[in-house]
Amino acid sequence: MFAFYPVVQTKLITGETEDSGMLDAFVPEYDILCCTPQILVNNLNNEKIASLSRFSLLIFDEYHNTRGDEPYARLGRRYLVEKASGQKNLPQVIE
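Computed from a predicted model, the values in this text were never measured in an experiment.

Peer 1: I tried to follow the nonpolar core on my own but got confused; where do I start?
Peer 2: Formed by 16 residues in total, the largest nonpolar core has its most connected members in Leu23, Leu40, Leu44, Leu52, Phe55, Leu58 and Leu75. Broken down by secondary-structure element, the contributors of at least two residues to this core are α1 (23-26), α2 (37-45) and α3 (71-84). Not counting residues up to four positions away in its chain, the partners in contact with phenylalanine 55 are Leu23, Val27, Leu33, Leu40, Ile49, Asn89 and Pro91.

Peer 1: Would you explain the packing of α2 against α3 in this entry?
Peer 2: Axis angle and axis distance: for two packed helices, these are the angle between their axes and the distance between the axes, and together they describe the pair. The interhelical angle for the contact between α2 and α3, taken along N-to-C directions, is 50°, at an axis separation of 8 Å. Comparing the axis directions of α2 and α3 gives the class oblique. Seen along the crossing, α2 lies across α3 with a hand that is left-handed. Of the residues in α3, those in contact with Pro37, Gln38, Leu40, Val41 and Leu44 of α2 are Pro71, Tyr72, Arg74, Leu75 and Arg78. Broken down by class, the residue content of the contact of α2 with α3 amounts to seven nonpolar, one polar and two charged.

Peer 1: Hey, could you run me through α3 in this one?
Peer 2: Because each turn of an α-helix spans 3.6 residues, side chains separated by three or four positions in sequence point in the same direction. Between the first and last C-alpha of α3 there are 20 Å, a value that for 14 residues agrees with the 20 Å anticipated at 1.5 Å per step. Of the positions making up α3, those classed as buried are Tyr72, Ala73, Leu75, Gly76 and Glu82. For α3, the secondary structure elements touched by its buried residues are α2. Glycine 86 sits one or two residues past α3 and shows a positive phi near 90°.

Thresholds, definitions, all that
Residues numbered from 1 in each chain as written. Predicted model: local features only at pLDDT ≥ 70, side-chain atom pairs only at ≥ 80, totals over all residues. Heavy atoms only, no water. Core = buried A, V, L, I, M, F, W, Y, C linked by side-chain atoms within 4.5 Å. Buried < 20%, exposed > 50% of the residue type's maximum accessible area, 1.4 Å probe, protein only. Helix = DSSP H or I, 4+ residues; strand = E, 2+ residues; numbered from the N terminus. Contact = heavy atoms within 4.5 Å. Axes fitted to C-alpha atoms, helices over the stretch in contact; angles between N-to-C directions. Parallel < 35°, antiparallel > 145°, perpendicular 65-115°, else oblique. Left-handed = near helix turned anticlockwise from the far one by under 90°. Nonpolar A, V, L, I, M, F, W, Y, C, P; charged D, E, K, R; others polar. Expected span 1.5 Å × (residues − 1).

Right under this line is the structure:
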C-alpha cells in the first residue's frame, strides 16, 4: 500500500538573505516556512508580522534548552501576552 503525501510549498529562510526581513510576504504563498526563532522575533519587533496569529502552527525545536532572554523565550512570552490580551486564533505550539 502506498501512502499519499500532498504536495506542499516549503521555504527555508535564513539570516543570510534579504528574505529574513520579509517573512509575512511568504505566508500566503507557502504552506511551511522554516526559519530561526530570531528571524521570527525580528519580524515581530519590526511589525512586519503583527501577531503570532498569522500562523496556524509553530514548531519550536530544542525549546527545552531556552534560557533568559533568548529568542525562544521572547516568543513564549509574546504568545502568553497575546493570549492574555484576548488575541484570537493563536497557533498551536509544538515544543
